[in-house]
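A look at the structure
One-letter residues, chain by chain:
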Amino acid sequence: MCGRFVRKEEKVLLESRFNCDTLAGILPAPEYNIAPSQDCPVVTVEGDRRVLGLMRWGLVPAWSDDVKIGYRMINARAETVAEKQSFKTLLKKSRCLVPASGFYEWKKLAGGGKTPYFIRLKGGGTFAFAGLWTVWHAGKDDELHSFTIITTSANELMSPIHDRMPVILHEKDEARWLDPELGKPGDILPLLVPYPSGDMECWEVSPYVNSYKNKGEECIKPVTSGHSRRP
DNA sequence: CCAGACGTTGTT
DNA sequence: GTCTGG
DNA sequence: CCAGACGTTGTT
DNA sequence: GTCTGG
């Protein structure tokens, strides 16, 4: 679940919305169909300031001897993230915000097919997924920064589509999620819950989005004549 | 102590 | 790197 | 997440 | 069917 998302924000908007500076490199343009292995802007804490840096979606743990593991480490389960050895240290020390405008889920059909849905906050505001990040060393000076998105059970809006959904942080909780002083599970696990259904909306979109190569407005256009509706 | 594993999803 | 299992 | 590939030998 | 790649 949560294997594709959307980020329509410009760099300037991201910096103001998340109160951060741009760390290094050129940020990619707004993006409609972000897939695993792509580089995305991610907000982390360095010392006493927030920074926006680029990382690859799909966690490549420091111990891995193969970068390809990242293709399958795109999510971490909230229910077990404090216990799994691959995540517990990161949960304590390496949390991040992943800015987004929405995400996709594919609903399985009885006939064996699948239909993509676009999901976002009501009205389309910018939000942050709860993420974990790490560094992998390919060579002596070769660092790969990567991240994963935490998932939780589906809320009422999502459950007709899928049984899992990404953790979306309430804006007031973003500072807590990033606070390096907070390392105890009791401080931060309560944030990893489904976002309220009433504050979200979703609609069916075209299978055009099935290919991550397809970009643009078409990726979030309702498949039924312009009206958003429940699945 | 060392050796060995370390993840999610969906589908069956 | 860090945790679990033997 | 979905799309797309999925192989070896020998010769150049 | 299953794995890899983006």
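The structure displayed is predicted, hence computed values, not measured ones.

**Looking at the protein's contact with DNA strand B**
- Taken together, 17 residues surround DNA strand B, and among them Arg 72, Arg 77, Ser 86, Lys 108 and His 162 come closest.
- For DNA strand B, the backbone makes up 73% of the atoms found within 4 Å of the protein, where backbone means sugar plus phosphate.
- Measuring from a phosphate oxygen of DNA strand B, one finds a side-chain N or O atom of Arg 77 at 2.7 Å.
- A distance of 2.5 Å separates a phosphate oxygen of DNA strand B from a polar side-chain atom of Lys 108.
- Of the residues assigned to the surface near DNA strand B, the class counts are five nonpolar, six polar and six charged.

**A short note on the protein's contact with DNA strand C**
- Trp 63, Gln 85, Lys 88 and Thr 89 make up every residue found near DNA strand C.
- Atoms of DNA strand C within 4 Å of the protein: sugar and phosphate make up 35%, bases the balance.
- Gln 85 places a polar side-chain atom, nitrogen or oxygen, 2.9 Å from a base oxygen of DNA strand C.
- Residue composition of the surface near DNA strand C, grouped by class: one nonpolar, two polar and one charged.

**Remarks on the side chain of Asn 155**
- Its location among the elements puts Asn 155 in the loop between β11 (143-153) and β12 (164-166).
- For Asn 155, a relative accessible area of 7% puts it in the buried group.
- In this structure the side chain of Asn 155 is engaged in a polar contact, spanning 3.1 Å, whose partner is the backbone nitrogen of Leu 157.
- Here Met 158 takes part through its backbone nitrogen, which lies 2.9 Å from a polar atom of the side chain of Asn 155.
- Beyond its immediate chain neighbours, meaning those up to four positions away, Asn 155 contacts Met 165, Pro 194, Tyr 195, Pro 196, Ser 197 and Met 200.

Cut-off values and rules
Residues numbered from 1 in each chain as written. Chains lettered and ligands numbered in written order. Predicted model: local features only at pLDDT ≥ 70, side-chain atom pairs only at ≥ 80, totals over all residues. Heavy atoms only, no water. Near = heavy atom within 4 Å. Polar contact = N/O pair within 3.5 Å; in protein donor to acceptor, adjacent residues only side chain to side chain. Nonpolar A, V, L, I, M, F, W, Y, C, P; charged D, E, K, R; others polar. Helix = DSSP H or I, 4+ residues; strand = E, 2+ residues; numbered from the N terminus. Buried < 20%, exposed > 50% of the residue type's maximum accessible area, 1.4 Å probe, protein only. Contact = heavy atoms within 4.5 Å.

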